[in-house]
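# Residue-level structural notes
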Amino acid sequence: MKELIRCGGLGTSAHNHQPWKFIVGEDYLEVALASEHLLPQMDPSGHQAYMALGTAVENIRAAARGIGLMPEVEPPAVSEDGAVIRIRLHPGPAPTDQEKSLHQAVTERFTNRNPHDGRPVEPEVWGDLEEALRPFGIKMHVVSSANGVRRVSRLIGSAERFGLEHAGTVDETYDWLRFSDQSYAEKGDGLWMRTMGFGPAVALAAKFVFKWNRIRLLNLAGFSRVYGLRSRRTASKSASWVLLTVEDSSPAGFIVAGEGYQRFLLRAHEHNLAIHPMTYLVMVCIMLAERPDCMTKSQRRRAEAFDREMRAGFGMEDREYPLIAMRIGYAPPPVFLARRRKPVVEYAPAASVSPEDRPTAVLEEVGV
Ligand SMILES: Cc1cc2nc3c(=O)[nH]c(=O)nc-3n(C[C@H](O)[C@H](O)[C@H](O)COP(=O)(O)O)c2cc1C
């Protein structure tokens, strides 16, 4: 169970917010939503949180096979009170080499935000990634032409600028930035400035500046514009851009999509690919669809133009819901990697007790 929980806790999440806790039963493990770890501003529909649960589930599935168990993932149970996915664990055959490799990838993979080295991603690798996504109902849109990459890079520049000009996303992001090595080591979640490519001096300055009342003034002097240009420059050094979409935009659909996304990341790691998700691309479209009231008139007009460009740039149809967009290519590994907080675990009593009666008070941090 410790290995499964360790691997579940290595799931990926926006802002590294890790919105999960684990519940251990006699012959099962559950991944449940930790409602104190949500991002209401940048994730109003909860789609990124549900996706994150799916990434933990997929890591557990890969780890279970890697140690010779046969995981049976039950359909997600989602209600107003939260979301739970139960993974039943049965004895299974010895793992194949491929299953062992996937289990290893759970620990080894990482987000790589470095510029790409110019090598294109080979057609057979795209084929393998598409294959990994298929069972989860995820569609992959790839943009690899120089013109296409330039077009999407322009979009990410304006999306990240948009994020810096929105009070809610700025203040929410502040809560998840880990400015010092010490605060990151203590919490083990959030975005450590070093993994984002910023040294201690910039991190210290950011700690004092990254509040809406200050950012707003800096934006008047062109801060958001310059930041957008920086993102655009990084983005333009990309071999390819990929947008993943789904048609089932229910909470359960997002959880399953998160499983598929994590499988995709594990397979990409086996191909030595560098993957850098850039959430703001889809966030602008989602905020426009779900929280237009949180935007000023001019923000709404910009977001509408952005949404049209996104759909055209990736060839996305109306019925598709944008899940996540990322840069994909080959790049040297980053120097600093994300760490994780210790997972919160509840122990469920004997299986004879119904889930409704399960006490939730028994909490323990496991040393994994
Ligand atoms: C839904 C989702 C959105 C993400 N958005 C971004 C993003 O906009 N920018 C970024 O640099 N990383 C993004 N990430 C990557 C996470 O920050 C990263 O997975 C997390 O910090 C854990 O680090 P690791 O991937 O190195 O294990 C995203 C991840 C997920 C699952």
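Residues numbered from 1 in each chain as written. Predicted model: local features only at pLDDT ≥ 70, side-chain atom pairs only at ≥ 80, totals over all residues.

Per an unreviewed UniProt entry, the recorded name for the chain is Nitroreductase domain-containing protein, and the organism is Paenibacillus spiritus.

Along its length, the chain carries 13 helices and 13 strands. Here the chain has a C-alpha radius of gyration of 20 Å; the compact-globule value for 368 residues is 21 Å, and the two agree. Referenced to the eigenvectors of the C-alpha coordinate spread, the extents of the chain come out at roughly 60 × 45 × 40 Å. Taken across its 368 residues, the chain has 44% of its residues classed as buried. In the chain, the share of contacts with a sequence separation of at least 24, taken over all contacts with a separation of at least 6, comes to 77%. (Helix = DSSP H or I, 4+ residues; strand = E, 2+ residues; numbered from the N terminus. Rg over C-alpha atoms; globule rule 2.2 N^0.38 Å. Buried ≥ 20, exposed ≤ 12 C-beta atoms within 10 Å, placed from the backbone. Contact = placed C-beta atoms within 7 Å.)

With that out of the way, let us pick up the domain arrangement of the chain. Taken domain by domain, the chain holds domain 1 (2-109 + 338-365) and domain 2 (123-329). At the interface, 40 residues of domain 1 touch 33 residues of domain 2. Secondary-structure elements contributing two or more residues to the side of domain 1 that touches domain 2 are α2 (47-66), β5 (82-91) and α3 (97-108). If you tally residues by element for the side of domain 1 that touches domain 2, the top one is α2, at 11 residues. Looking at the side of domain 1 that touches domain 2, its residues break down into 19 nonpolar, 14 polar and 7 charged. (Domains from an automatic or database assignment. Nonpolar A, V, L, I, M, F, W, Y, C, P; charged D, E, K, R; others polar.)

Further remarks concern the nonpolar core. Membership of the largest hydrophobic core comes to 86 residues, with the highest contact counts inside it found for Leu53, Ile60, Ala257, Leu281, Val284, Leu323 and Ala325. Top contributing element to this core by residue count: α2, with 11 residues. Summarising the domain contributions, this core has at least three residues from each of domain 1 (2-109 + 338-365) and domain 2 (123-329). In contact with isoleucine 60, other than residues within four places in its own chain, are Leu4, Cys7, Gly8, Leu29, Pro71 and Ile87. Membership of the second largest hydrophobic core comes to 5 residues, among which are Phe179, Trp192, Met193 and Ala203. (Core = buried A, V, L, I, M, F, W, Y, C linked by C-beta atoms within 7 Å.)

The next point concerns the site of the ligand. Close to the ligand lie 18 residues; Thr12, Ala14, Asn16, Thr279 and Ala338 are nearest. At the level of secondary structure, the elements contributing two or more residues to the shell around the ligand comprise α2 and β10 (274-277). Sort the elements by how many residues they give to the shell around the ligand and α2 lands first, with 3 residues. Here the residues of the shell around the ligand are counted per class, giving 10 nonpolar, 7 polar and 1 charged. Two domains share the shell around the ligand, each providing at least three of its residues, namely domain 1 (2-109 + 338-365) and domain 2 (123-329). (Near = placed C-beta within 6 Å.)

Further remarks concern the sheet that holds β10. Strand order in the open sheet made by the 4 strands is β6-β9-β11-β10, with antiparallel pairing throughout. The open sheet is flanked by β6 (139-143) and β10, the only strands paired with a single partner. Neighbouring strand axes in the sheet, compared pairwise and without regard to direction, differ in orientation by 30° on average. One ladder, built from 5 bridges, connects β6 with strand β9 (residues 240-246); its direction is antiparallel. (Pairing = 2+ DSSP bridges. Axes fitted to C-alpha atoms, helices over the stretch in contact; angles between N-to-C directions.)

Moving on, we come to the environment of glutamate 80. Within the secondary structure, glutamate 80 sits in the loop between β4 (77-79) and β5. Looking at glutamate 80, the number of C-beta atoms within 10 Å reads 4, which means it is exposed.

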